[in-house]
Every structure is written in structure tokens, then in C-alpha cells.
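# Results of the structural survey
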Amino acid sequence: MSASNRIKPVAVIARGLVWMIIAPSVVADMKSLDDSALASISGQSGLTMELELGLAADRLSYFDDGNGIHLEGFRVGSAVDSSGQAFHLVRIDIGEDASLNLDYLVEDRRIEFGDIRLAGAPGVSMGGMFFDHSLAGYLTISQGGSVGGEGYTFDSAYTMTGGRLGYRTNGNEIFLDDITMNVEALGVTLDVVGDTLALNAPRVTGDWEVGAIRYSGNPLNHGVSYDSGSGQPLPSFGSLGGSYDLSSSVGITAGGRSGEGLRIDSETIIHSASFLYRDDGNVLALRDITGDYRINDLRLDVATDWQNRPALALTLGSMDGNFSIGAIEVGGNGKSIGKVNVSFLLADQVFNGRDYSNAFYLQGGGHPDAGPQGLRLATEWSLRLADFSYTEDGNRVIFSGLQSWGQGDVTVNVTRNEIINGTQFFDGLRIGFEDIRAGYRINGLRVGSEDAPLQGGTELLLALGFYPAYEFELDGQMTLGAGGASGEGLTINSDVRIRDGKAAIIAVPYDEGNGEVPQKGLWITELDYDSHVRGMTVDVTQEGLAIVKGEAWSTMDIGNLRIGDKESGQSFGRFVIQKYETGSSMTVVPGGAGDVCAGGMGDSPSACADSGGVWETRGEEGLTVRLKQVFAKAAGEDRKNALTWETNRQTNGVGESMNGTGTRLVLNDIHTSDGGDFDGDGVEDNSFGVRTDLSVDVYQTRVVKKSDGPDTLGVVGSRGEEKIMDSSSAAGYRYVANPTLQEAENRPLGFAVQARSQFKELSINNIDLVHPVGGAQTAVYGVKMQNFDIKANLTATPIP
């Protein structure tokens, strides 16, 4: 058939296609194109359509069991001109195999929703979203899916440029700017299998870049990279990039958790992927990512949450997966911290006698003082089990048996620096926490493999604020602002309140293989913690990841320091720890301790051996954390460094200890200094603080027996003999008096931490004794400690 003979029927089809494209705008008084409007449609070896498309609709609605969600202020048009149209060029051809071939070009298009509302929740909304882009690509549709001739097969590839994806609340917005993307998906099939719509993608590959993540607090700005007032680039959180190669299958079935809705089941295999975050040219890179995950029985409904509030509900049956990151690189030299692997199972579980599931209920409103637009997520989660492993230089440590659970509200708003109804807001993305009741626990460490014996060692991470187990109630907020210490990066302002906390300083496993038991340890309980951070910056630097606090103050009120059981263990009394820091910092640097003389002194193998130590070469990978804590002089009762210990408290009618009724020992106004005014400003310098370097490695270590005779596993040895791993032995190890070089290579792996702490001067203004009747009496006026420098090598290994 000649091209001229095909023009008329294809043109008729084109009219139908054009009508389908503009059909959603009927409510906006649009109509189908007439013959004169179709003059731009031509037919040669196929069909070419050129469209200047502009669509608008007051509202698009979706209803589920009578409940509705409304997308308001819908518009498709130009991204540059709010009243303009987007250009579309589509070439349509029918192949010899009866496939439909579409080549398309889209320029300067914005798809936007001004607001998202839920029926039954008047006065509040989820805020607006916009998506700018230009596209060039193709789509081929042929008949026949993966299970028969009634399905369809798709081949598609496209390039996106000039992209922006933004979220806007109350005139403030945050968006991904200058997005570019290349995607190829070949052999994608669509079938109806029973009552399920089955979508299978045997291979999807692509790469992407985000030029900047920008923030605007100016209501006159909308989807622009430069401020309309100053003309300056909007501040940036940094840029992103990555690539992926994956396979996936998705099944979509009608029916929600109750009545109408959708069910989604899927499986995805990540063959390879990478993720890069750039901050002023410095890169944090996650490379060689592989893994897989499965989603089972994810339901989408318009429903109500546990407080009967209208919501878009996502409820999960279960999800499991495994992810591996082959290298984590940070800083200017591309040096790797090591390899990370995570396996997890999200599923219903009972924690502390209560059932927890996985559900997210999206609602409008956010924080009530931030304005009517925002997001509220009524959230419940149940991480039944997860293992997190860290491998460096081929040695592996596993944080085994991680469990977490919780329920509460998370709010999301884009805010600017102002006070509304007494609430302080900051520039950036505000994440709020309301009545969150949650917890987590770790079963212990396993070094070397998944079947290695459980051991302690997580307490070595207390310096980083990680507890082996923690239960708490949480309220507060964290605002992520654009821009770091200089240029791109993050600025964080936060206010957090924890109530009724129970945290383990040291804890034994909750399950050693014979079922769960109450976790014993050293606990801080009846914890009330109030923390505030202002102007904390996060940057990727040439050295590593740098976190610098502007000003931070907190009060940790520990009702009881208990040993044994967290509920009924014997108490050491009450402790109140107040902290006030200015200019404190933490830097995460790739590379561990390097060469170490363990158990001796010396900077060479021979000098170390002469001192009775063991020379260890811990490799190139690993992790070093450099902490600097600058304790400032008191600036008020809530901004100071102090330690209070209270004992012999009176009890109330139900046997609870009453704070403030016992005898107290108070170390008041603790602060650091550099020991003099060296810059001549008339004020004693305080920039050195307390500096602690923690170098973390997984490495073989020398373990000696502490007593003669059999150990708890029945392995016999003498005091001073070394533990040597031996797979031919029943217990997997034996004791050796004088190991050979070959035997020394089979020393047990340990979680090794090398620490060094220093300060120039640490002062305590006064030490008081406070009696409940007699009041405060100062026991010591002023304490100064100077030029402190101590080193330690700690290694956590199983002790039979």
C-alpha cells in the first residue's frame, strides 16, 4: 500500500489519539481538534504529529470505597512560560511485523499539581508537585507477551534533559534541578495472568545526574534556578548521580486491604548500580551495588489510619532483601572505607507484647503552625530481622540480629526562617516527629562469618552515640537546610525530646539460639532527654565527611542507672548530664589504624616485639572517626556542662523514686580551654577541646587464656596460651603455647578499635554536695586538669 493510500485511515486514528490526549481537560472547556487543526499532521512512510500542548483542569479525583483523593490545579504546558504550551513531535509507523513504532520529542514540558487533598480533611493539603523535562526517545509496541499472544511487548529508550522535580508547601519549595537521564528497557512484557496484570522487565539500564538540589524560601520563585529578587543561584544541598542495571517483575491486582484499591507484588534484582553525592566537587560514592528485594502484598487504599484520619494508605504484607555495597569512597583521594552488606525482613511481629506491622498513611497538613500545606505520615514499622555486615581488607564483622519497631506521626514541610504561633522554623526541609514510640536492639557481633559465635563489642560504638538496645518516645524536629560550611552541603537545625527512654550501655544477646530471653546489661532507664542543635553543617571534604556543630545543648536526665534487668535491676541512682558545646565536630576519614603495636610500645616491628607487643598491619581500608568536643563555659542554667549524681531518694505511694529528694553530688560548669589567650582578644581561647580519634578495623588479634583448665566450651588449655582457630577441632579452635608463624596467621578475628584522647585543659568550676534539707555546700572550688594524652587498643573477640 502506498503512503498516499494510507493517509486517510491513519489520520482518522490520529484524531482519536489526539482526543485521548486532551480528554482529561474536558472539565477545562477544551474540545477535540477539527480538520484545520490537524493540518500539522502529515503522512509519509508513517505519520508525524506536531502539537503545542496546553492542558488545565481544576481537579482530578480518584475514589476508593467512597473515599476520595483530589489532585487540584492540574496543568500540562510550558515550564518556562506558565501560560505557554509544551512542544510535542510524534512520529508513528507500523512495522512489517505489525508493531507500533513511536519516535517522540517533547520540549519544555511541565506537569504540575498545585495541591493534593483528601476528602474528609478540609482546610489542609499535602502541597504541590511539579515535573519539568524535555524528552527524546522511542517506544515500540508489538503483540504477544511473555505467556502468550494476548499480551504485549515493549521496547523503549529515552533521554531526558533539563529536568526539575519539586515539592512546594506554603510558598516554599525544594527541588531536584538540572536532571539528565538515559534509560533503556528492552523486551518488557505486559500480560493478564488470571486476575493479575503482570509486567516483566528482563533488563532495565540507565544513568542519571542531578545538577543540584535547591531550596527556595521566596514565594515569588517557582521552579527556577535563580532567585527572582537577587538573581543569584538558589542555595544547593549538593548534586547527585548514579547508574543502574536491573531486572524486575511486578504484579498488579485489583482490591485493597479492605474493598476497592490495588495490590502490588514485585521482585527486583539489582545486577549493578552506583550512587554518588557531590559537594563542591568532593564525592561520597557508593560503588558496585548489587542485591535483590521482594515486595509481598503491598496494598494501596484511600482509607483511614488507626486514629480514623483520612489518608492514602500503603500497607505492606512483607518485604525482604539483600544489598551489597562493594566500596564506600569518601574524600578527595577516592579511598574506600570498606564493603557493606545488609539483609533484612520487614514483616509483622510482636515486640513487648504488642503487634506491629508495616504501614504508611499519607495525609495533608504537616505541622499545624507551618501553614495548611504539608505532609503527615502516620507510620508504623516492624523490622523483624536484619544483619548488617562491614568488611575491610577481606575481614568481616556482622552486627547480627537487628530488630526495630515503632509507631507515630512524621510531618514534612518546606519552611523558611520565621516564628509562627511561637514555633521556630528554619530554612529547609523540616521533618517533624510527633508521639513516636519506638525501639531497636542488636543481638550481638559475629566476626568472620554468619555462623561465628555471638559476642559483645557494640559498646565500643558508644562514643558515636550508638546503643546496643534503645526504647523511647520521641517528639521534635530536624530541618535540613541547603549549604554547608562553605558552598554546597547541609545545614541542620534540630530540637528533639525523648521521654521514658531505656538504653543499654552494655547488653548480652536477647537470643543465643534457644529462643528470646530478657536482655540483661547495664541500662540507663526512665530517661528524659532534651537536645537542641543550631547551625550544624555537613560537608564532603578532601579529607572525608565533616560534621561541625555551631551550637548544641542538651540535658539527659537518667532516672535510674540499672544493672541486670532494665525494669527491675538494682539502681546506682539518678544521673543528670548537661552538655553545652560550641564548634564541636566529627570527621569520618577512610582508612583505619594502619600499623599498630598491640600490647606494647614501638614504631617498628622489632621495637614492638622488644617491648612485648605484637606488630599488626591492619591494611588500607577501615574507618577513622575524629571527634572534637569543645565544652563551652556556662551561658545559663540550660546551657552548661554539668554532672549530677543523686542517691537515697524518697519514694511516692507507688514505690517510685522522687527526683530532688535525695543527696546530690554536682560537678558544675565543666569546660575546656586552650590554657591562655593566644589570639589577643582578651578571652581565653577554647578551640582545641577534647579530641578523640577512633580507628576501627576488623583484624586478627592475639587472645590468651586467663586460667588453666577447660573453658566454657570444654577446650583445655593453660594460662597464657594463645587461641588459634582450627576448623579440624570440635570447637573450631585450640590453645597453643608458642604459635608458629603459620599458626599465628590463624589468630581469631576481632572488632578492633584504636583510640587516642587529648585535651589541653579541662576545668570544673565547683563541686557541690547538696542535701535535701541542708541545701548546697561547695566541697571543691575549681579543678583544672591539663595536657591529657592517652592511647588505647581495644579488640572485641569471643571469650569462651
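Residues numbered from 1 in each chain as written. Predicted model: local features only at pLDDT ≥ 70, side-chain atom pairs only at ≥ 80, totals over all residues. Heavy atoms only, no water.

### Things to note about the overall build of the chain
Of the regular secondary structure elements, the chain holds 3 helices and 44 strands. Here the C-alpha coordinates of the chain stretch approximately 100 × 65 × 60 Å along the principal axes. Buried positions account for 47% of the 800 residues belonging to the chain. The long-range fraction of contacts in the chain, counting pairs at least 24 apart against all pairs at least 6 apart in sequence, stands at 64%. Summing over all exposed atoms, the chain offers an accessible surface of approximately 37,800 Å²; the carbon and sulfur share of this is 55%. Side-chain charges of the chain comprise 62 positive and 106 negative groups, with the mean position of each set lying 4 Å from the other. (Helix = DSSP H or I, 4+ residues; strand = E, 2+ residues; numbered from the N terminus. Buried < 20%, exposed > 50% of the residue type's maximum accessible area, 1.4 Å probe, protein only. Contact = heavy atoms within 4.5 Å. Areas by Shrake-Rupley, 256 points an atom, 1.4 Å probe, with all protein chains shown as cover. Lys, Arg positive; Asp, Glu negative; His and termini not counted. Charge placed at Lys NZ, Arg CZ, Asp CG, Glu CD.)

### What about the nonpolar core?
Judged by nonpolar contacts, the single largest core of 67 residues is most densely connected at Val397, Phe399, Tyr467, Tyr470, Ile524 and Phe751. A total of 5 residues in this core trace back to one element, the largest contributor, which is strand S20 (residues 395-415). With near-sequence residues (within four places) excluded, Tyr467 lies in contact with Tyr440, Leu462, Ala503, Ala504, Ile524 and Met556. Listed in part, the 8 residues of the second largest apolar core include Phe631, Leu667, Val690 and Ile767. (Core = buried A, V, L, I, M, F, W, Y, C linked by side-chain atoms within 4.5 Å.)

### Some remarks on empty space enclosed by the protein
Taken as a whole and judged by the stated rule, the model has 2 cavities of 30 Å³ or more. Of the pockets and cavities examined, the largest cavity occupies roughly 40 Å³. Of the residues in the lining of the largest cavity, the class split is 4 nonpolar, 6 polar and 1 charged. What the second largest cavity holds in volume is close to 30 Å³. Lining the second largest cavity, in full, are Leu460, Leu461, Leu464, Leu694, Val696 and Val753. (1 Å grid on protein atoms, 1.4 Å probe; cavity = no way out; pocket = protein on both sides within 12 Å on 5 of 7 lines; lining within 4 Å. Points joined across faces, edges and corners; volume = space filled by probe spheres on them. Nonpolar A, V, L, I, M, F, W, Y, C, P; charged D, E, K, R; others polar.)

### Some details on the side chain of Gln578
Within the element layout of this structure, Gln578 appears in strand S31 (residues 574-582). A polar side-chain atom of Gln578 sits 2.8 Å from the main-chain carbonyl oxygen of Glu637. Once you skip the residues sitting within four places of it in the chain, Gln578 turns out to touch Ser554, Thr555, Glu637, Asp638, Lys640, Asn641 and Ala642. (Polar contact = N/O pair within 3.5 Å; in protein donor to acceptor, adjacent residues only side chain to side chain.)

### As for unusual backbone geometry
The phi dihedral of Asn170 falls on the positive side, at around 55°, and the residue is not glycine. Structurally, Asn170 can be placed in the loop between strand S8 (152-169) and strand S9 (172-193). With phi around 65°, Asn308 is a residue other than glycine that occupies positive phi space. You can call Asn308 exposed: its relative accessible area is 60%.

### Regarding the packing of aromatic side chains
Within the structure shown, the criterion is met by 17 aromatic pairs. One aromatic cluster is present, formed by Tyr440, Phe466, Tyr467, Tyr470 and Phe472 through successive ring pairs. Geometry around Tyr510 places Arg441 over its ring, the cationic atom sitting 4.0 Å from the centre. Residue placement shows Arg691 over the ring face of Phe688; its charged tip is 4.1 Å from the ring centre. (Phe/Tyr/Trp six-rings, centres within 6.5 Å; stacked < 30°, edge-to-face > 60°. Lys NZ or Arg CZ within 6 Å of the ring centre and 35° of its normal.)

### Quick word on the pattern of salt bridges
Throughout the structure, instances matching the rule amount to 50 salt bridges. We note a salt bridge from Asp435 to Arg499, for which the minimum N-O separation is 3.7 Å. Here Arg499 lies in strand S26 (residues 490-507) and Asp435 lies in strand S23 (residues 428-441), a separation of 64 residues in the sequence. Among the residues examined, Asp435 registers a relative accessible area of 38% and is labelled partly exposed. (Salt bridge = Lys/Arg side-chain N within 4 Å of Asp/Glu carboxyl O.)

### So, the environment of Gly171
Of note, Gly171 is situated in the loop between S8 and S9. Along the sequence, Gly171 and Trp523 sit 352 residues apart, while their C-alpha atoms lie 46 Å from each other. Ignoring any residue separated from it by four or fewer positions in sequence, one finds Gly171 in contact with Asn218, Pro219 and Arg416.

### Considerations on the environment of Ile269
Within the secondary structure layout, Ile269 lies in strand S12 (residues 262-279). Sequence-wise, Ile269 and Thr525 are 256 residues apart; in three dimensions their C-alpha atoms are separated by 43 Å. Residue contacts for Ile269: discarding those within four places in its chain leaves Asp245, Leu246, Ser247, Gly291 and Asp292.

### Let's talk about the side chain of Thr391
Topologically, Thr391 is positioned in strand S19 (residues 375-392). With near-sequence residues (within four places) excluded, Thr391 lies in contact with Gly338, Lys339, Arg396 and Glu621.

### Brief notes about the state of the cysteines
Applying the stated criterion to the full structure yields 1 disulfide. What pairs with Cys597 in a disulfide is Cys608, and their sulfur atoms sit 2.2 Å apart. Around the S-S axis, the bridge from Cys597 to Cys608 shows a dihedral of about 90° and counts as right-handed. Placement of the pair is Cys597 in strand S33 (residues 595-598) and Cys608 in helix H2 (residues 605-610), with a sequence separation of 11 residues. (Disulfide = S-S within 2.5 Å.)

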